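Take a look at the letters that make up each chain.
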Amino acid sequence: MADGATESSYAGVWARLLVERFAAGEIELATAADFLSDVASLESLWRGAVLTPNLPWFAEEKILQGASAAFLGLTLAGEQGALAWRAVAVGDACLALVRDGELLQSFPWERAEDLGSRPVLLSSAPRNRTRLLEHVRLTGGPCAPGDELFLMTDGLARWFLESYAGGDKPWHILAGIASDSEEQFAPWVAELREAGVMRNDDVTLTALRIP
Amino acid sequence: MAYSAEISRTHPSCFLLLVDQSGSMSDGFGGAKSGKSKAECVADATNRLLQNLVIKCAKEEGIRDYYHVGVIGYGSAGIAPALAGPLAGKELVAVSEIGTSPARVEQRARKVDDGAGGLVEQQVRFPIWLDAAAKGGTPMLEALGLAHGILSRWLAEHPSSFPPVVINITDGESTDGDPMEAASRLQSLSTSDGNVLLFNLHLSSSAALPVEFPSDEALLPDKFASLLFRMSSELPDHMRDIALQEGKKVEGHARGFSFNADLVSVIQFLDIGTRPAELR
């Protein structure tokens with residue numbers, strides 16, 4: 001899952017590139033350094049896709065500044081019944097692992113307050129990778145049959161964590177939407193925005209259940 | 001809550017620069033070492049403010065008109081719109097016109113991060129809207145009065161927009177009287193979202209250390225700096241929050257005032273969408 005930052009140009013192209021290359025297995029997540037080095041190799045691909053001749057000065061400048069996106073990657077490996085998950089995160093997307101009806105882990109953020117308005121994101125422009133290293137979070141563990149995994153962009157994650165902090169079990173709602181129909185998602189999000197409990201922001205949910 | 005109106009193309013805000021082009025601006029900037037005149041620094045500061053504002057509003061499809069922009073010069077030529085090139089003589093224009101109509105575009109070198117802990121030099125295009133000028137007196141009072149007129153007209157058409165930001169760039173030595181009252185009059189203008197914000201960028205010949213967004217005038221080196229500090233609006237809370245997140249040391253009641261420093265960071269405080277944190 002990748003969520004482009006609105007203020008940068010062509011963040012959508014960058015977010016799509018990150019997701020496609022991750023899904024193609026071209027982004028390693030053994031260590032944070034491996035991950036960043038693979039992401040860095042995508043910078044020239046992004047520039048190639050967006051730099052065209054005769055751009056006005058401001059478009060060129062915007063491209064030199066780079067595009068940014070939050071990124072959350074999840075891999076599952078092993079045999080059925082003995083699966084292991086591993087995840088990488090940079091920025092304000094969030095993964096929740098629910099086991100036996102309880103929240104086992106929310107990664108990399110545990111409280112809604114952790115999701116600030118100025119997240120550190122993955123940029124398509126060269127950045128000091130030594131300093132970015134500490135912002136790359138990695139985790140993982142064994143999966144159990146029946147485990148539910150929810151990948152959420154920041155607006156949804158904030159709602160999820162606030163709701164959990166208030167004593168609710170928001171994963172029931174998400175699981176319900178995911179198992180019923182995708183078409184319920186947009187009206188449900190619209191309702192939450194209307195009620196003022198979710199910010200007006202792009203929202204993406206990916207839900208998985210381990211068989 | 002004040003200063004919370006969303007800046008959009010249907011509800012744009014306004015950005016007005018007042019630029020001191022008086023004779024004293026030909027003096028050196030920041031002590032003997034800089035080798036630059038104050039007038040050159042003012043032109044640089046103005047061009048960089050405009051560049052950053054345009055870039056802030058630029059999207060894939062072009063520049064979104066989140067702002068109306070004006071540049072007023074004050075000096076011997078009187079007080080008049082100061083943009084050079086195709087926009088000469090215009091009082092307020094859409095930010096997209098600023099972006100597409102600089103007087104000229106120069107090439108400059110810039111050092112950027114190479115991603116591996118080093119720096120590489122990059123050639124970038126540097127658009128120019130304002131050239132250095134330094135002649136005559138400093139009619140700051142009158143300039144603030146003209147700004148009052150321009151913004152009164154703008155406010156009548158945009159009564160609920162995010163309030164205009166006025167940036168006065170000067171060496172502080174007004175020659176047509178004490179500008180304090182004119183500044184207060186300008187700041188008393190408002191939309192339903194808050195009062196006009198007046199920020200001052202003081203470019204001085206003094207070699208005193210730069211000061212950014214102070215909350216206490218005791219830190220300032222001379223009476224001109226103190227006067228401009230008192231004329232400056234306090235940073236609204238959200239701007240102060242962003243300044244803190246950008247790593248600036250700003251305290252409560254910090255003002256939109258900067259002495260011999262860069263005020264371009266003010267553009268980063270304008271809130272029009274998610275922006276990633278910069279790594280330091």
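Residue positions are given per chain, counting from 1 as you read along its sequence in written order. Lettering for chains starts from A, numbering for ligands starts from 1, and both go in the order in which the items are written. Totals for whole chains, interfaces and linings use all residues, but because this is a predicted model, local features are given only for residues with pLDDT of at least 70 and pairs of side-chain atoms are given and counted only at 80 or more. Only heavy atoms go into the side-chain values, all of them from the structure, while hydrogens and water stay out.

Student: Account for the overall build of chain B, with residues named and values stated.
Tutor: Each helix and strand counted, chain B has seven helices and 14 strands in total. For a compact globule the rule gives 2.2 Å times the number of residues to the power 0.38, and the radius of gyration it is set against comes from C-alpha atoms. Over its C-alpha atoms chain B spans a radius of gyration of 18 Å, differing by no more than 12% from the 19 Å that the globule rule assigns to 280 residues. Considered along the principal axes of its C-alpha atoms, chain B spans approximately 50 × 45 × 40 Å. In this scheme, a residue with accessible area under 20% of its type's maximum is buried, one over 50% is exposed, and one in between is partly exposed, where area comes from a 1.4 Å probe on protein chains only. Out of the 280 residues belonging to chain B, those deemed buried represent 53%. Partitioning the contacts of chain B with sequence separation of at least 6, the portion at a separation of at least 24 is 75%. Of the roughly 11,400 Å² that chain B leaves accessible, carbon and sulfur atoms contribute 49%. His residues and chain termini do not enter the charge count, which takes Lys and Arg as positive and Asp and Glu as negative. Note on charges: their place is set at NZ of Lys, CZ of Arg, CG of Asp or CD of Glu. Across chain B, the centroid of the 25 positively charged side chains sits 4 Å from that of the 35 negatively charged ones. Helix and strand definitions here come from DSSP, where helices need a minimum of 4 consecutive H or I residues and strands a minimum of 2 consecutive E residues; each element is numbered from the N-terminal end. Two residues form a contact once any of their heavy atoms are found within 4.5 Å. Only the protein chains shown count as cover for residues, and all accessible areas are computed by the Shrake-Rupley method using a 1.4 Å probe.

Student: Describe the side chain of Asp193(B), listing the residues and the values that go with them.
Tutor: All names here are of chain B. Looking at the element boundaries, Asp193 is found in the loop between β10 (190-191) and β11 (194-195). The term salt bridge refers to a pairing of a side-chain nitrogen on Lys or Arg with a carboxyl oxygen on Asp or Glu at a separation within 4 Å. Although Asp193 is buried, it makes no salt bridge; Lys56 carries the closest opposite charge, 15 Å away. A polar side-chain atom of Asp193 sits 3.0 Å from the main-chain amide nitrogen of Ala5. Once you skip the residues sitting within four places of it in the chain, Asp193 turns out to touch Met1, Ala2, Tyr3, Ser4, Ala5, Ser160, Ser161, Phe162 and Pro163. The definition of a polar contact used here is a pair of N or O atoms within 3.5 Å, where within protein one atom must be able to donate a hydrogen and the other to accept one, and adjacent residues in sequence count solely through side-chain atom pairs.

Student: So what's going on with the pattern of salt bridges? Residues and values would help.
Tutor: Scanning the entire structure with this criterion turns up 21 salt bridges over all chains. Put simply, Lys169(A) and Glu102(A) hold a salt bridge, and the shortest N to O gap is 2.8 Å. Note that Lys169(A) is positioned in the loop between α6 (154-165) and α7 (171-180) and Glu102(A) in strand β5 (residues 102-107), a separation of 67 residues in sequence. Arg111(A) serves as the salt-bridge partner of Asp114(A), at 2.9 Å between the closest nitrogen and oxygen. Accessibility expressed as a relative area gives 29% for Asp114(A), which makes it partly exposed. Among the charged side chains, a salt-bridge network with shared partners connects Lys36(B), Asp44(B), Arg104(B), Glu106(B), Arg108(B) and Asp131(B).

Student: Run through the confidence of the model for chain A, naming residues and quoting values.
Tutor: pLDDT gives the predictor's per-residue confidence on a scale running from 0 to 100. Averaged over all residues, the pLDDT of chain A is 91; the fraction at 70 or higher stands at 100%. Summarising per-element confidence for chain A, the mean pLDDT is lowest in helix α5 (residues 129-132) of chain A (78) and highest in strand β4 (residues 94-99) of chain A (98).

Student: If you had to explain the interface of chain A and chain B to someone new, which residues and values would you point to?
Tutor: Listed per partner, the contact involves 29 residues of chain A and 33 residues of chain B. A combined buried area of about 2,900 Å² lies between chain A and chain B, and 51% of that area is made up of carbon and sulfur atoms. Throughout, the accessible surface (probe 1.4 Å) given up by two parts as they are put together, summed over both, is called the buried area. When the area that chain A buries against chain B is broken down by residue, the three leading residues are Glu7(A), Trp57(A) and Arg118(A), summing to 33%. Taken together, the links from chain A to chain B amount to two salt bridges. With a shortest N-O distance of 2.9 Å, Glu61(A) and Arg110(B) are connected by a salt bridge. Looking at the side of chain A that touches chain B, the elements with two or more residues in it are α4 (57-65) and α5 of chain A. Considering each element in turn, the side of chain A that touches chain B owes the most residues, seven residues, to α4(A).

Student: I'd like a description of the side chain of Ser8(B), backed by residues and values.
Tutor: Residue placement: Ser8(B) occurs in the segment before β1 (13-20). Looking at Ser8(B), its side chain comes within polar contact range of the main-chain nitrogen of His11(B), at 3.0 Å.

Student: Would you mind going over the nonpolar core in detail, with residue names and values included?
Tutor: One finds Trp14(A), Phe35(A), Leu122(A), Phe15(B), Tyr67(B), Ile98(B) and Ile167(B) to be the most contacted residues of the largest nonpolar core, which totals 82 residues. Broken down by element, the residue count for this core peaks at 11 residues, all from helix α1 (residues 38-57) of chain B. Sequence-distant contacts of Leu122(A), that is, excluding residues within four places in its chain, are made with Trp14(A), Leu18(A), Phe35(A), Leu36(A), Val39(A), Ala67(A), Ser68(A), Ala69(A), Phe71(A), Val90(A) and Leu132(A). Throughout this description, the term nonpolar core refers to a set of buried Ala, Val, Leu, Ile, Met, Phe, Trp, Tyr and Cys residues connected via side-chain atoms within 4.5 Å. Formed by 29 residues, the second largest nonpolar core is a distinct cluster that contains Met140(B), Val196(B), Leu228(B) and Phe257(B).

Student: Can you lay out the packing of α4(A) against α1(B) for me, pointing to particular residues and giving the numbers?
Tutor: Put simply, α4(A) and α1(B) touch, their axes get as near as 9 Å, and they point 75° apart. When the axes of α4(A) and α1(B) are compared, the pair comes out roughly perpendicular. Between α4(A) and α1(B), the contacting residues are Trp57(A), Phe58(A), Glu61(A), Lys62(A) and Gln65(A) on the first element and Gln51(B), Val54(B), Ile55(B) and Lys56(B) on the second. To define axes, lines are fitted to C-alpha atoms, for helices over the stretch in contact only, and angles between the resulting N-to-C directions are given on a 0 to 180 degree scale. The labels follow the angle: roughly parallel below 35 degrees, roughly antiparallel above 145, roughly perpendicular from 65 to 115, and oblique for the rest.

Student: If you had to explain the packing of helix α4 (residues 180-187) of chain B against helix α5 (residues 223-231) of chain B to someone new, which residues and values would you point to?
Tutor: All names here are of chain B. Between α4 and α5, whose axes approach to 9 Å, the crossing angle comes to 20°. Between α4 and α5, the interaxial angle falls into the category roughly parallel. At the point where α4 passes α5, the crossing takes the right-handed sense. Contacts from Met180, Ala183 and Gln187 in α4 reach Leu227, Arg230 and Met231 in α5. Left-handed is the label given to a crossing in which the near helix is rotated counterclockwise from the far helix by less than a right angle, and right-handed is the label when the rotation is clockwise.

Student: Please give an account of unusual backbone geometry that cites residues and values.
Tutor: The omega torsion across Phe107(A) and Pro108(A) is -5°, close enough to zero to call that bond cis. Within the secondary structure, Pro108(A) sits in the loop between β5 and β6 (122-123). The residue Asn54(A) is not glycine, and still its phi comes out positive at about 60°. Inspection of the secondary structure puts Asn54(A) in the loop between α3 (43-50) and α4. Notably, His253(B) is not glycine yet its phi reads approximately 65°, a positive angle.

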